[in-house]
Amino acid sequence: TQLLEQSPQFLSIQEGENLTVYCNSSSVFSSLQWYRQEPGEGPVLLVTVVTGGEVKKLKRLTFQFGDARKDSSLHITAAQPGDTGLYLCAATGGGNKLTFGTGTQLKVEL
Amino acid sequence: NAGVMQNPRHLVRRRGQEARLRCSPMKGHSHVYWYRQLPEEGLKFMVYLQKENIIDESGMPKERFSAEFPKEGPSILRIQQVVRGDSAAYFCASSPGGGNYNSPLHFGNGTRLTVT
């Protein structure tokens with residue numbers, strides 16, 4: 001079973017600041033996904049990265065997959081209150097079974 | 001296009017009662033997954049089903065828990081003789097296919113089970 005460690009666990013910042021969330025493992029990922037979960041709702045897929053070194057952008061969000069496919073990061077530029085939520089990385093295995101990371105709870109204040 | 005529908009959204013049971021959680025996958029999706037999210041913990045895989053078949057139940061407790069996905073109707077996660085430790089949010093996800101990242105999961109909004 002892959003163990004995914006996310007850091008930081010909690011992050012509280014002001015609107016307009018930049019931030020980076022990390023997802024690390026000692027195992028190699030076949031692919032990795034990032035989700036955002038808001039209170040009372042299920043996780044929503046943001047992106048899937050597959051190739052080592054891959055960078056994907058989604059508006060103000062930049063996702064990077066490490067060259068060795070053991071780590072990933074999510075960078076948010078000019079954070080907004082709407083970015084508040086629980087950010088989860090997840091590694092895919094056989095049969096689409098996902099192993100989720102420990103999560104980063106982000107709060108963006110005005 | 002309806003997403004993954006779970007009901008009930010909230011369920012309160014006394015210790016020893018049974019809990020039945022329902023999940024209707026997205027239209028056209030034949031693969032269903034159940035995950036549990038405990039307070040202060042991440043999402044943990046429980047079981048993966050296709051129509052009338054359990055494919056992977058490696059995350060499911062051996063006792064009191066069962067799951068099914070019949071030919072007709074929703075997938076059911078059943079917890080018998082609930083205990084306080086079963087209190088959690090239970091999420092269902094569905095996908096059109098399985099086995100690779102090209103068939104991403106779509107999650108429902110969960111059932112929050114409280115055992116008193």
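Higher on the page you've got the structure.
Residues numbered from 1 in each chain as written. Chains lettered and ligands numbered in written order. Predicted model: local features only at pLDDT ≥ 70, side-chain atom pairs only at ≥ 80, totals over all residues. Heavy atoms only, no water.

**Digging into the overall build of chain B**
A count of helices and strands for chain B gives zero helices and eleven strands. Scanning chain B from its N terminus toward the C terminus, one meets helices and strands in the order β-β-β-β-β-β-β-β-β-β-β. A compact globule built from 116 residues should have a C-alpha radius of gyration of about 13 Å, and chain B, at 13 Å, falls within 12% of that. Projecting the C-alpha coordinates of chain B onto the three principal axes gives extents of approximately 40 × 25 × 25 Å. Out of the 116 residues in chain B, the part that is buried amounts to 42%. Sequence-distant contacts in chain B: of pairs separated by 6 or more residues, those separated by 24 or more amount to 52%. (Helix = DSSP H or I, 4+ residues; strand = E, 2+ residues; numbered from the N terminus. Rg over C-alpha atoms; globule rule 2.2 N^0.38 Å. Buried < 20%, exposed > 50% of the residue type's maximum accessible area, 1.4 Å probe, protein only. Contact = heavy atoms within 4.5 Å.)

**Points about the pattern of salt bridges**
If you walk through the whole model with that rule in mind, you get seven salt bridges over all chains. Notably, a salt bridge pairs arginine 36 of chain A with glutamate 38 of chain A, separated by 3.7 Å at the nearest N-O pair. Where glutamate 18 of chain B meets arginine 20 of chain B, a salt bridge forms, and the shortest distance between an N and an O atom there is 2.9 Å. (Salt bridge = Lys/Arg side-chain N within 4 Å of Asp/Glu carboxyl O.)

**Focus: the sheet that holds strand β8 (residues 71-76) of chain A**
Residues and elements named next belong to chain A. Taken in spatial order, the five strands of this open sheet run β1-β3-β8-β7-β6, and their pairing is antiparallel. A strand with exactly one partner marks an edge of an open sheet, and here the two such strands are β1 (5-7) and β6 (55-58). This sheet shows a mean twist of 15° between the axes of neighbouring strands, independent of strand direction. (Pairing = 2+ DSSP bridges. Axes fitted to C-alpha atoms, helices over the stretch in contact; angles between N-to-C directions.)

**Focus: the interface of chain B and chain A**
The interface is formed by 24 residues belonging to chain B together with 18 residues belonging to chain A. Both faces considered, chain B and chain A share a buried interface measuring about 1600 Å² in area, 55% of it formed by carbon and sulfur atoms. Between the two partners, chain B and chain A, sit zero salt bridges. Linking chain B with chain A are four residue pairs in polar contact (both at pLDDT 80 or more), by the criterion used here. (Buried area = accessible area lost by both parts, 1.4 Å probe. Polar contact = N/O pair within 3.5 Å; in protein donor to acceptor, adjacent residues only side chain to side chain.)

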